[in-house]
Structure formats: structure tokens, C-alpha cells
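Here's the letter readout for the chains.
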Amino acid sequence: MKTAATTPAAIPNPDMKSRKSAFFLAFSVGSVLFSAHAGGGFATGNQANTYYVGLGWLGPVAAILAVLLMSLTMREAMFFYNSRNLKSYKELFEAIFSPFKKIEWLFEVFFYIMVVMAIAAAISGAASALNAYFGIPYALSVLAVGALVLTLTIFGANLVRLASTYMGMAILVIAISIYAIGITKGENITSVLSASFQSAGFSMLPKAVLNAFVYAGFQCVTLPTMLACGKPLSDKRGCNKSMNIAFVMNAAALTLSVFMLLSWQGFYTAAEGGTVIPTLTVCREIGIPWLTVAYAACLLLCLISTGVTTTFGFVAKFENISVFKGIENSTVKNGIIAASIIAISMGISFAGLTNIIKYGYGYCGYLGIAVIIVPMLTVGVYKNRKFLAENPGYKG
């Protein structure tokens, strides 16, 4: 009889531990892209309604294509960044666009416009939620949310930034619960898709492809975050695995939301203001009070925390420039910078959440296609393959 110490199951397996460690690392990086994508715009349902629901049966297909483009772009960018041991996203774009100079500044333009739009969308979304749920006038809600974001940015950003992680996960769980319940209680999704195919066929295919690229384009604003979080993924296999996980998570959640909204499209599009936060509109109609209250609270907190953390990041970027060197009090300095960006974002927020996502995000999406997606999936792929061919023993 073999003793427990000599049985194969009792002998430590270094390779197994290594594989588990590699998987959890890949999973954590993939989850970052998932968390970044599943923010307020996703949770409101406005993005899905704007870019996919109008496509009918092609909506879920376009959603999957968008997530695929986003995942592939991040995969190539992370491997390029890690394999060359680059230190910033500026160095990444300088290397991608080399030998051409200064083109990397287009990403800076894209990034800062998207930051302003993200803050505006957060303020507008929170104001829309207050208006829809409590009946507070939209203009007053914008001013109140803007003031709250400014206050938290100056005095409590660390606390809200920590809370935003938990709020994001909570809203995701609640939103997916609504999607699952909503699909069963709405119109028969199979009938909806079949009727759409019979009436439109493939006529919406060009728009579906364009919408997928635009959506992936503006979602690429998360690239600097992914480069920082994906730094431990030194080899190609790790980058591939993490983005495969991210693809499955994001595609499942986004497609499920599109299915749910398609099954309720006739209802929420007919309701006054129903398309601004369609997920909340559907949730209230389903008639489960606790789910509606929990969703409204989490959505509001998630949007506000998004506005605070984004504003705080913008403040950190500019607090040390020469213009503000004469201001010694950091609270005053942060307040001035935060107030400036919030004032601009509040002005944009009066355009409404739908217009911000449709036009603000949309035009940034076109820029993202030209500056990020196409270069990464052409030049980036070519240079990465060339690097691996020239360094066959590369292990990271």
C-alpha cells in the first residue's frame, strides 16, 4: 500500500500551480476590460439601444463583432507594449506610427475628448435617473449632480473610487438579473428576431458593421488602463488568454442586454423618456419593486462614482503644470481644475444622455477607428509577428 505522501495526488505539481497562477492573472486582466466596459452607459441600456436595437436581428451580431474588435485591439496593443518594455501609451503609439512623427497626438485628442464626454454622460445619466425615478427637473438634477461630483472630487475621491468597484459589480449583477427576467417576460425573442429578418433581411448589414466599429472605437478609451493592468502578461499566450476571457464576458453581457431590449422595444420606445434609461423603464414595468429600487440606487451611485473618478484622474494629470504652480493649497488647486472640467461637462450634459452617446461617443468612435483599431489590427499585427519571427525564443 502506498502512503499518502507517495501517492501522485499528494505530490506538489509546480506546472499545475503555474498554470493556475497564469489563468487567474489572465482572468483578472480580462475582468478589468469587462468592468471598464460595463459602466453607466452600458448599465442604462442607452448604448445598446442607440447602436444595436435599431438593427433588429443584426443587433446581437453587431454587438459580438464590436466586442471582438475591442478584444483583438487590446490584445495586440498589450503584447506590443509589454514585449518592447514600453513605459507609456505615448511610447506605444510612437512605435506603432514610426517612422511618422507626431501622429500619436491624435490619441491624446481622442482621449481628452472622451474623458469630457464620459464625465458629461455620467452627469447626464445620473440627472436622468433622478428625473425618471424621483421627478426632479433635469436642469436642477444636472446642477445638483455636478456640485456633488465637484465636492467628492475635492474631498472624498479615494472613498468614492473604492466604492465604485463594488457599485460596478452590484449594478452588473442586478442588470443581468433584469436581462434574464426581462427576456422571459417580454415579447418572444425568437419571434422578434424572425420578424426582423423577414422584413429587413441583410439590408442593415453595412450599418451593423459600421456601428460595431464605432462602438469598439470609443470603448478603446480604456487602452491606457489596459496597458497598465496587463503589464504582467509578458508573452503572447497570456495576452491572448486574457482577451479571450474578456471577449466571452463582454459579449455575453452585451448580447444579453440587446436581446432583452429587443423583446421590450415596442414598450419602452412608446413610453415618454423611455429610451433615455431603457433598462430602468423595463425594470419598472416588470413590477418587482425591490429590483427597481436596487437598480435605481446602484445606477445612480455608479454614474456619480464614474464622474468622480474620471474627474479625479483628469485633475491628477494637470495639477502639476506650470499654470498652477503658484497655488500651494492642493485643495484649492484641485478645486479649480475640477470645477473647470465639470463646468464644461455640465454644459455638454444639457444635450442629454442619448445625444452624448449617439453624437459625442459616436464621433469619438470614428476617431478611435482611425487612430487605434485600424493601426493596431494592421501595423500592430504586422510588427508583432515580425518581432516574434526575429525573436523565436522570446518568453517575456
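None of these values were measured; they are calculated from a predicted model.

Reading guide: rules and limits
- Residues numbered from 1 in each chain as written.
- Predicted model: local features only at pLDDT ≥ 70, side-chain atom pairs only at ≥ 80, totals over all residues.
- Heavy atoms only, no water.
- Helix = DSSP H or I, 4+ residues; strand = E, 2+ residues; numbered from the N terminus.
- Rg over C-alpha atoms; globule rule 2.2 N^0.38 Å.
- Buried < 20%, exposed > 50% of the residue type's maximum accessible area, 1.4 Å probe, protein only.
- Contact = heavy atoms within 4.5 Å.
- Areas by Shrake-Rupley, 256 points an atom, 1.4 Å probe, with all protein chains shown as cover.
- Lys, Arg positive; Asp, Glu negative; His and termini not counted.
- Charge placed at Lys NZ, Arg CZ, Asp CG, Glu CD.
- Patch = residues over 30% accessible without salt bridge, like charges linked within 9 Å, V, L, I, M, F, W, Y side chains within 5 Å.
- Salt bridge = Lys/Arg side-chain N within 4 Å of Asp/Glu carboxyl O.
- Core = buried A, V, L, I, M, F, W, Y, C linked by side-chain atoms within 4.5 Å.
- Axes fitted to C-alpha atoms, helices over the stretch in contact; angles between N-to-C directions.
- Parallel < 35°, antiparallel > 145°, perpendicular 65-115°, else oblique.
- Left-handed = near helix turned anticlockwise from the far one by under 90°.
- Nonpolar A, V, L, I, M, F, W, Y, C, P; charged D, E, K, R; others polar.
- Phe/Tyr/Trp six-rings, centres within 6.5 Å; stacked < 30°, edge-to-face > 60°.
- Lys NZ or Arg CZ within 6 Å of the ring centre and 35° of its normal.

Visitor: Honestly, the overall build of the chain in this entry has me stumped. Any pointers?
Guide: Along the chain, the regular secondary structure elements total 16 helices and 0 strands. In terms of overall size, the chain behaves like a compact globule, its C-alpha atoms giving a radius of gyration of 23 Å where 396 residues would be expected to give roughly 21 Å. Dimensions of the chain, computed from the C-alpha atoms along their principal axes, are close to 65 × 65 × 55 Å. Residues classed as buried in the chain amount to 48% of the 396 residues present. Within the chain, contacts between residues at least 6 apart in sequence are counted, and of these 82% link residues at least 24 apart. About 18,200 Å² of surface is accessible on the chain, with carbon and sulfur atoms providing 67% of the total. In the chain, 26 positive and 13 negative side-chain charges are present, and the distance between their average locations comes to 8 Å.

Visitor: Hey, could you run me through unusual backbone geometry in this one?
Guide: Glycine aside, the phi torsion of most residues is negative, and most peptide linkages are trans. For the peptide bond that leads from Ser 98 to Pro 99, omega is 15°, which places it in the cis range. Here Pro 99 is to be found in the loop between α5 (89–97) and α6 (105–134). Even without a glycine there, the phi angle at Lys 102 is positive, about 70°. Along the chain, the position of Lys 102 falls in the loop between α5 and α6. Judged by relative accessible area, Lys 102 falls into the exposed class, the value being 59%.

Visitor: Hey, could you run me through a positive patch on the surface in this one?
Guide: On the surface, a cluster of positive charge is contributed by Lys 90, Lys 101, Lys 102 and Lys 317. Counting through the fold element by element, Lys 317 comes out in helix α14 (residues 289–318). The class for Lys 317 is partly exposed, based on a relative accessible area of 47%.

Visitor: Before we go on, may I ask you to explain the nonpolar core in this structure?
Guide: In summary, soluble globular proteins display a tendency toward joint burial of nonpolar side chains. In this structure, Tyr 52, Leu 92, Phe 107, Leu 223, Tyr 361 and Ile 372 are the most contacted members of the largest nonpolar core, which totals 117 residues. Considering each element in turn, this core owes the most residues, 16 residues, to α6. Those residues in contact with Tyr 361, other than ones at most four positions away along the chain, are Gln 47, Tyr 51, Met 114, Met 117, Ala 118, Ala 121, Phe 218 and Ile 356.

Visitor: Whenever I open this one, the pattern of salt bridges confuses me. Can you help?
Guide: In the structure shown here, the tally under the stated rule is 2 salt bridges. Two residues, Glu 76 and Lys 236, come together in a salt bridge whose shortest N-O distance is 3.1 Å. Of this pair, Glu 76 sits in helix α4 (residues 58–83) while Lys 236 sits in helix α12 (residues 236–268), placing them 160 residues apart in sequence. Comparing Glu 76 with Lys 236 shows no difference in burial state: the two are buried. Taken together, the salt bridges that share partners define one network made up of Arg 75, Glu 76 and Lys 236.

Visitor: Could you clarify how one ought to interpret the packing of α6 against helix α16 (residues 353–390) in this entry?
Guide: Packed helix pairs are specified by the crossing angle of their axes together with the interaxial distance, meaning the distance between the axes. Packing of α6 against α16 leaves a shortest axis separation of 10 Å and a crossing angle of 160°. It follows from the interaxial angle that α6 and α16 lie roughly antiparallel. At the point where α6 passes α16, the crossing takes the left-handed sense. Considered class by class, the residues forming the contact of α6 with α16 number 17 nonpolar, 5 polar and no charged.

Visitor: Before we go on, may I ask you to explain the packing of aromatic side chains in this structure?
Guide: Describing an aromatic ring pair means giving the distance of the ring centres and the angle of the ring planes. Following the criterion strictly, the structure yields 24 aromatic pairs and no others. With a centroid separation of 6.5 Å and 80° between ring planes, the pair formed by Tyr 138 and Phe 350 is classed as edge-to-face. With Tyr 138 in helix α7 (residues 138–155) and Phe 350 in the loop between α15 (330–349) and α16, this pair connects stretches of sequence that are 212 residues apart. Through a chain of ring-to-ring contacts, the aromatic side chains of Tyr 89, Phe 93, Phe 97, Phe 107, Phe 110, Phe 111 and Tyr 112 assemble into a single cluster. The cationic tip of Arg 84 hangs over the ring face of Phe 80; the distance from NZ or CZ to the ring centre is 3.8 Å.

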